Amino acid sequence: MQLKILLVEDDHLQRNYVKHALEDGLGATVEALCCEKNFIEAFEEIAADPPDLAVLDVMLMWARPSKEQTGTPSQALSPEQAGLRCAAMLRHDERTAKVNVLLYSVLPEQDITNRELAKGVVTIVKEAECHNLIDAIQGLYQHPVS
Amino acid sequence: MGSPERGFVIRLVRTLAEQETLAGIGQLLRAVTEEMGAWGTLIWVLAPGADFGSNRGRLFVQGYWIKDERIPVWHELTLDSMVGNVLKSGRPEAITADDPRIQQPKPELITQSGTRFICLAPMVMADGTKAVLEVYRQEDVAFTPDDLGDLEQMAAILPTLFGNLTDRVGFRLVDDVMDIQQHADSGKDTYLKTLQEIVTRINEDFAALEVSIFLENAQDQPGLYVRMATQTVWKGENEKSVYRKGEGATGFVIENGRTVRIVDLAHYEDDQHWIQREYKGINWGDSLAIVERARQYFRVDSDARPPISWVCAPIKNETNVYGVIRCAGVTRNPFYFDAWQARFLEATGLRLAWWWQNYLRRLANEREVASWEELMRGFESMNRFVQKQLNRFSWDETGFFREAMRLAHRVIPDTDNSEVRLVDENELVTVATLGTDWPLHDKSRTGHYSLKPPGSAASYLVSTKSGVQVYNDVNQAPHVERVSPDCKKLILAPIEEGEVMHGVLCIRSKSPRPFPANAGLVAGLLGQQLGLYHDLAAQIRNLKEAERRNRDLIATQAKTIGDVHHQVKSPVISSYRIAQNLANSRIVPAALRTQLEQLRGMCSKVTRVVRNMGMFADLSNDKPIRINRSVFMNHRMLQILREFRADHQSLIDPDSQIAFRLDESGFLELTGKEMTGKLVEGDWALLEQCVNNIMDNAAKYSYDHTAVIISGGVQARGTEFYISVVNEGFEVKPEDVPKLKRRGYRGDKAISATGEGSGIGLWIVDEIMRAHGGSLTITPIQNGRTDVRLVFPIVKGVGNLSDAAQNSISRG
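Heads up: these notes are all about the structure in this document. Everything quoted here is computed from the prediction, not taken from an experiment. (Residues numbered from 1 in each chain as written. Chains lettered and ligands numbered in written order. Predicted model: local features only at pLDDT ≥ 70, side-chain atom pairs only at ≥ 80, totals over all residues. Heavy atoms only, no water.)

### What about the packing of aromatic side chains?
The description of an aromatic ring pair uses the distance of the two centres, along with the angle that the planes make with each other.
Residue and element names in this part refer to chain B.
Part 1 of the reasoning: Evaluated as defined, the whole model comprises 15 aromatic pairs over all chains.
Part 2 of the reasoning: Plain terms: the ring middles of Trp284 and Trp310 are 4.8 Å apart, the flat faces sit at 70° to each other, and that makes the pair edge-to-face. In this pair, Trp284 is assigned in the loop between helix 8 (268-278) and helix 9 (289-298) and Trp310 in strand 11 (residues 310-316), connecting sequence segments 26 residues apart.
Part 3 of the reasoning: Residue Trp310 is classed as buried on the basis of its relative accessible area, which comes to 2%.
Part 4 of the reasoning: Three or more aromatic residues joined by ring pairs make a cluster, and in this case those are Tyr191, Trp355, Trp356 and Tyr359.
Part 5 of the reasoning: Taking the ring centre of Phe52 as reference, the NZ or CZ of Lys130 above it sits at 5.1 Å.
Part 6 of the reasoning: Lys489 extends its terminal NZ or CZ atom over the ring of Phe515, reaching a point 4.2 Å from the ring centre. (Phe/Tyr/Trp six-rings, centres within 6.5 Å; stacked < 30°, edge-to-face > 60°. Helix = DSSP H or I, 4+ residues; strand = E, 2+ residues; numbered from the N terminus. Buried < 20%, exposed > 50% of the residue type's maximum accessible area, 1.4 Å probe, protein only. Lys NZ or Arg CZ within 6 Å of the ring centre and 35° of its normal.)

### A look at the nonpolar core
Residues and elements named next belong to chain B.
Part 1 of the reasoning: Membership of the largest hydrophobic core comes to 46 residues, with the highest contact counts inside it found for Leu687, Phe721, Leu776 and Leu790.
Part 2 of the reasoning: No other element matches helix 18 (residues 684-701), which puts 8 residues into this core.
Part 3 of the reasoning: Setting aside chain neighbours within four positions, we find Leu790 in contact with Cys690, Val691, Ile694, Phe721, Tyr722, Ile723, Val765, Met769, Ser775 and Leu776. (Core = buried A, V, L, I, M, F, W, Y, C linked by side-chain atoms within 4.5 Å. Contact = heavy atoms within 4.5 Å.)

### Things to note about the sheet that holds strand 3 (residues 53-56) of chain A
All names here are of chain A.
Part 1 of the reasoning: Judged by pairing direction, the sheet is parallel, and its 5 strands sit side by side in the order 2-1-3-4-5 without closing on themselves. A strand with exactly one partner marks an edge of an open sheet, and here the two such strands are strand 2 (29-33) and strand 5 (122-125). With direction set aside, neighbouring strand axes in the sheet form an average angle of 20°.
Part 2 of the reasoning: Alignment of strand 1 (residues 4-8) against strand 3, held across 4 bridges, turns out to be parallel. In the sheet register, Leu6 faces strand 3, and the bridge partner there is Ala54.
Part 3 of the reasoning: Most of the contacts of helix 1 (residues 12-26) go to strand 2, to which it runs at about 170°, and overall it touches strand 1, strand 2, strand 3 and strand 4 (100-105).
Part 4 of the reasoning: Here helix 6 (residues 131-142) sits on the sheet in contact with strand 1, strand 3, strand 4 and strand 5, set at roughly 165° to strand 4. (Pairing = 2+ DSSP bridges. Axes fitted to C-alpha atoms, helices over the stretch in contact; angles between N-to-C directions.)

### Observations concerning the packing of helix 16 (residues 634-651) of chain B against helix 18 of chain B
Residues and elements named next belong to chain B.
Part 1 of the reasoning: One can describe the packing of helix 16 onto helix 18 by two numbers: an axis separation of 11 Å at closest approach and a directional angle of 40°. By the criterion of interaxial angle, the relationship of helix 16 to helix 18 is oblique. For the crossing formed where helix 16 meets helix 18, the hand is right-handed. Where helix 16 abuts helix 18, its residues Arg636, Met637, Ile640, Leu641, Phe644, Arg645 and His648 lie against Trp684, Leu687, Glu688, Val691, Asn692, Met695 and Asp696.
Part 2 of the reasoning: Among the residues forming the contact of helix 16 with helix 18, the class breakdown is 8 nonpolar, 2 polar and 4 charged. (Parallel < 35°, antiparallel > 145°, perpendicular 65-115°, else oblique. Left-handed = near helix turned anticlockwise from the far one by under 90°. Nonpolar A, V, L, I, M, F, W, Y, C, P; charged D, E, K, R; others polar.)

### Re helix 6 (residues 191-206) of chain B
Part 1 of the reasoning: If you check helix 6 of chain B, its first and last C-alpha atoms are 22 Å apart, about what 16 residues at 1.5 Å a residue would give, namely 22 Å.
Part 2 of the reasoning: Positive backbone phi, approximately 45°, marks Ala207(B), located one or two places after helix 6 of chain B. (Expected span 1.5 Å × (residues − 1).)

### A look at the pairing of strand 4 of chain A
All names here are of chain A.
Part 1 of the reasoning: The buried fraction of strand 4 is high, at 6 of 6 residues.
Part 2 of the reasoning: Burial of strand 4 is two-sided: the residues Asn100, Leu102 and Tyr104 facing one way and the residues Val101, Leu103 and Ser105 facing the other way are all buried.
Part 3 of the reasoning: Across 4 bridges, the pairing between strand 3 and strand 4 is parallel. Looking at strand 4, one finds that Ala54 is bridged to Val101.

### Overview of the sheet that holds strand 3 (residues 76-78) of chain B
Residues and elements named next belong to chain B.
Part 1 of the reasoning: What the 6 strands build is an open sheet, ordered 3-2-1-6-5-4; its pairing is antiparallel. The open sheet has two free edges, formed respectively by strand 3 and strand 4 (93-96), since each of these has just one partner strand. Across this sheet, the average inter-strand angle for adjacent strands is 25°, counted without regard to direction.
Part 2 of the reasoning: Sitting on the sheet, helix 3 (residues 82-89) is in contact with strand 1 (40-46), strand 2 (58-66), strand 3, strand 4, strand 5 (117-124) and strand 6 (130-137), with an inclination near 130° to strand 6.

### Focus: the pattern of salt bridges
Part 1 of the reasoning: According to the stated counting rule, one finds 34 salt bridges over all chains in the structure shown.
Part 2 of the reasoning: Where Glu23(A) meets Lys19(A), a salt bridge forms, and the shortest distance between an N and an O atom there is 3.0 Å. Residue Glu23(A) and its partner Lys19(A) are located together in helix 1, separated by 4 residues, close to a single helical turn.
Part 3 of the reasoning: Overall, Glu23(A) belongs to the partly exposed group, its relative accessible area being 23%.
Part 4 of the reasoning: Among the ionic pairs, Glu210(B) bridges to Arg227(B), the shortest N-O distance being 3.3 Å. Here Arg227(B) lies in strand 8 (residues 225-232) and Glu210(B) lies in strand 7 (residues 208-216), a separation of 17 residues in the sequence.
Part 5 of the reasoning: By relative accessible area, which is 13% here, Arg227(B) ends up buried.
Part 6 of the reasoning: It is possible to trace a salt-bridge network through shared partners that takes in Asp176(B), Arg201(B), Glu204(B) and Asp205(B). (Salt bridge = Lys/Arg side-chain N within 4 Å of Asp/Glu carboxyl O.)

Take a look at the structure:
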């Protein structure tokens, strides 16, 4: 089975690296988004054809700087919660409720799991080579989380 | 002489002109048959190794044409036959079919065809081989002396015609092989396909029972010549597919680089003496199995048995024998490999050697490029790792060593196991292993090694402070410890930072083939990198220890960071230099330059983060900024701005298309004005930190498809020097400007909510500028453009400027 993965990561160096690592390591197809605003805008599209798995960075920028942008919604002012908000959106929509979510962050695991929004979400700490991310995904699909 | 009106020479030449393939030999002989009013024609050729003194030797049919193809043609005669007599005497002869000199029992060809008269003429083939042309006639008309004269003339021109035809066929073979090589896909997986095509093409002309190409891949299996392609009629088990030098006749060709041609191996026992004379030291081993197999294939054991021929030509150039092309047994007339075929097979071998040599070079090059790419990726991820770890103040050094060793295993072929040993007082202690078949805690094989002689090879390296050592033969290494008895070769790379040697990276392999040329360099770079990170890890451990001891986390961090930041930044700066040196060196392919630029940019960013933390610590502890004053030279300033521009550009998301541009005019103007005096005094490291911080901000807050312009020069009537960074992005309101300089203020939080940034960058810049007696000015221009400017007072030297420069400054 070829996995379909949604990746949300704002650092383009990390984004490209993780994308290629998932494609090469798992033979997955990876759709990559760069910020919270992108995720929200693309949500209907995501929900219409949900991925098998979403890998989300936790600290995400709201949007790429742009001339057209009018401002940032007040709820998006805490970038350290952005990935968790995206995870919650997936969980609360019945079309995407079954999408497996992995939080992939540089923050220590307990920093994330202590947060309200992160309850029940698998957290992987960022590593140089993404081996742990790939191992976690492989583990997930050998022993699927219901 | 034949009668001129018969004009057979012209007719034979015309016949030749129509021939394209070896079947043309038959057609030429058909023409001869018709000219002679005969029923069939044969050419007999004397096989190599004949001895006229003892009347020993054999003749084989080189070509024939007979009217009734159902009658079997026999293939072999001895030197004392009728044909042999003509060959020996060198005189043509016309005889009747019942001549007692014809070998008994008479061949079916004579008895079944009703041949009455036979005419024979001696020939010398183009390569000097003696031969006899023989014509059969059924009609009851005896050959006349004129016929004999005609046949003699034909025997004189036929070798030239034959030579012409075989040359054409041979050259076409060589051309076709070159064509196949040139059109071969350069992909490494397709070389077998190309070799198979070549074998097939050779066999079109050679019609052999087996054609094989054996080649040595010196890089992967030195000394082994492996069958790469074959076309064979043998079913089931195949014979030997790997040869070494001197092994069998094939090995003889490999060893001596010369072609071996045997017309008939069935007489090997009889011919041994001359084969040994011609090819001194040759042994046939299981190559003789071909005889039995070929007999089974032809299913005959009568006088019609075709010879079982064998030819093998080296694939070689001036210096190397890369392999052989071997052909065995021929399935169509002539049933043996002729001398011209051996010659062209040899020519094909020469061309093939050129192609194979190029292939091996390309392969080595591809492998080297791939290993550099892998190394670069490895370094990049290690730097990412460091960057993230710095934010977390945590460090898993063993994990990092293992990561580096995994990288070594990937980029240095054949690496079987590796080990990191670190210096601990007077010992080297194993701290991490990868791929070893013994556990780390097995003290009999790993553990502690004294640095005093006679220590291990690794301790020798440490105590002598040597550079990287590559031992392709492990026995050449001094004081080899036998922790790995099956180790054949070894690389030892010092793990060092600056002058301090922290330990050794040992890379071992069981393979007998040598390490690739770049292995030492790669291991050296890895060792260097490990040294840098080991240093960094030590500092982070200190920091964690301090954290544990102090409750006031922020103060502790601030203090400890302040203490360590100089050490922390140094390894990353060294990584930066490695990347920069690699980017500038010729050993790295041009295609990797971009990646190296990016790696350099990343290192530079890590350095900036660390420096900011250090400054933050100092300022938080009310520690005054120390300024190591030196002169800011104009050209040096320009040079570092060029470097920074490249560093920042390399880290920009390509999708955003933000361009960093450097407007050099302000600097160049000063260069032209003979500025001899001091312009600005200050601390270069602090200046760099300021410029980088404002460039970082510009990159973070710029809109897509905009440019960040960096410029500099003299302003305000020659009393101030400035460096300006103008970007177009989130609009800064004039009332927000003072807040931007405050500690911890995140302008972006209100605007973009970016995940990064701690709001200390501009605060630090402002502090540094004020310590220099200058200022940080932030000026919103129109349309979201902001000019962030570092302004330094020109403290000295204005008086030294020439009038022209003064004027120029005044204009500024």
